Amino acid sequence: QKEVEQDPGPLSVPEGAIVSLNCTYSNSAFQYFMWYRQYSRKGPELLMYTYSSGNKEDGRFTAQVDKSSKYISLFIRDSQPSDSATYLCAMTNAGKSTFGDGTTLTVKP
Amino acid sequence: GAVVSQHPSRVICKSGTSVKIECRSLDFQATTMFWYRQFPKQSLMLMATSNEGSKATYEQGVEKDKFLINHASLTLSTLTVTSAHPEDSSFYICSARADSQGKNIQYFGAGTRLSVL
């Protein structure tokens, strides 16, 4: 079983929808939790990172961490076609990062 | 923000030649950098961990003599694909771990698309 599980999708939503992307993990030692966005043929871009349980908001994006359930989420409000990309979750313990396989999102106009 | 520059973004070469890819952290120091390979519509595959001033650590199944890594400074790591063959064609991505952020956050380059003819 993988340390980090992420639903690969694909996920297709209409423009303006609220998107929920999720990852579960098994290693309770993970301390930092990141979300990356990767457009086709580009390197992953760091969107947000959090250290503790709770919510962190940045514009239309909200990252949520529930350490008791070992579950993290990324919410995208008012989704736009430009949000169409693959989203990767990542978690770090003692400097070592473990990545999810990514969820491919398509936002249709 | 933390920026990682990867060069070149695209390279086409003949079979048997060697190709060097550079990865630079522009505004932060990175003792550790990582090299990944990614096939179309697949996840990142870690190839090796590059440490400044020491030998790289390669993942199982990755040929160290094929993929030479040099990390000569705190801001530069290079990956050389030696005697490239068509099966080496892929998307190569580097990342740098920021020393100043407790070494917990990786920042990625834009990737290099290698095509071997």
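Everything below is about the structure printed above this text.
As the structure is a prediction and not an experimental result, all values here were calculated from the model.

Engineer: Just checking my understanding: could you explain the pattern of salt bridges for this structure?
Structural biologist: Close approach of charged atoms lets side chains of opposite charge pair. In total, this model carries six salt bridges over all chains according to the counting rule given. One salt bridge in this structure joins Arg60(A) and Asp83(A), with 2.8 Å as the shortest N-O distance. Placement of the pair is Arg60(A) in the loop between strand 6 (54-58) and strand 7 (61-66) and Asp83(A) in the loop between strand 8 (71-76) and strand 9 (85-93), with a sequence separation of 23 residues. The salt bridge involving Arg24(B) is made with Glu22(B); its shortest N-O contact spans 3.5 Å.

Engineer: How should I be thinking about the pairing of strand 11 (residues 112-116) of chain B in this particular structure?
Structural biologist: Regular strands have side chains that alternate between both faces of the sheet. Residue and element names in this part refer to chain B. Counting buried residues in strand 11 gives five out of five residues, a clear majority hidden from the surface. Neither face of strand 11 is left uncovered, since the one carrying Thr112, Leu114 and Val116 and the one carrying Arg113 and Ser115 both have all their residues buried. Judged from the four bridges that link them, strand 2 (residues 10-13) and strand 11 form a sheet pairing that is parallel. Considered in strand 11, the bridge of Ile12 is made with Ser115.

Engineer: Would you take a moment to explain the interface of chain B and chain A for this structure?
Structural biologist: It is common to report an interface's size as the accessible area lost on association of the parts. Taken residue by residue, the interface counts 18 residues in chain B and 16 residues in chain A. With both chains or domains summed, chain B and chain A bury close to 1400 Å², and 56% of this area falls on carbon and sulfur atoms. The largest contributions to the chain B side of the interface with chain A come from Asn104(B), Ile105(B) and Phe108(B), which together make up 36% of the buried area. The tally of links from chain B across to chain A stands at zero salt bridges. Taken together, the links from chain B to chain A amount to six residue pairs in polar contact (both at pLDDT 80 or more). Of the residues belonging to the side of chain B that touches chain A, the class tally is eight nonpolar, seven polar and three charged.

Engineer: Any chance you could explain the sheet that holds strand 8 (residues 76-81) of chain B here in plain terms?
Structural biologist: Strand-to-strand pairing in sheets goes through backbone hydrogen bonds, with the strands running parallel or antiparallel. Residues and elements named next belong to chain B. On the basis of which strands lie adjacent, the open sheet formed by four strands has the order 1-3-8-7 and antiparallel pairing. Of all the strands in the sheet, just strand 1 (4-7) and strand 7 (67-73) have a single pairing partner and so form its edges. Direction aside, neighbouring strands of the sheet carry axes that sit 15 degrees apart on average. Two elements, strand 1 and strand 3 (residues 19-25), share four bridges in a ladder whose sense is antiparallel. Its bridge partner lying in strand 3, His7 is registered against Glu22.

Engineer: Help me understand the environment of Ala2(B), please; the structure alone is not making it clear to me.
Structural biologist: Residue and element names in this part refer to chain B. Locating Ala2 in the fold gives a position in the segment before strand 1. Given a relative accessible area of 30%, Ala2 falls into the partly exposed group. Taking the C-alpha atoms as reference, Ala2 lies 30 Å from Glu63; in sequence the two are 61 residues apart. Sequence-distant contacts of Ala2, defined by excluding residues within four places in its chain, comprise Asp27, Phe28 and Tyr107.

Thresholds applied
Residues numbered from 1 in each chain as written. Chains lettered and ligands numbered in written order. Predicted model: local features only at pLDDT ≥ 70, side-chain atom pairs only at ≥ 80, totals over all residues. Heavy atoms only, no water. Salt bridge = Lys/Arg side-chain N within 4 Å of Asp/Glu carboxyl O. Helix = DSSP H or I, 4+ residues; strand = E, 2+ residues; numbered from the N terminus. Buried < 20%, exposed > 50% of the residue type's maximum accessible area, 1.4 Å probe, protein only. Pairing = 2+ DSSP bridges. Contact = heavy atoms within 4.5 Å. Buried area = accessible area lost by both parts, 1.4 Å probe. Polar contact = N/O pair within 3.5 Å; in protein donor to acceptor, adjacent residues only side chain to side chain. Nonpolar A, V, L, I, M, F, W, Y, C, P; charged D, E, K, R; others polar. Axes fitted to C-alpha atoms, helices over the stretch in contact; angles between N-to-C directions.

Shape descriptors only; they carry no functional weight alone.
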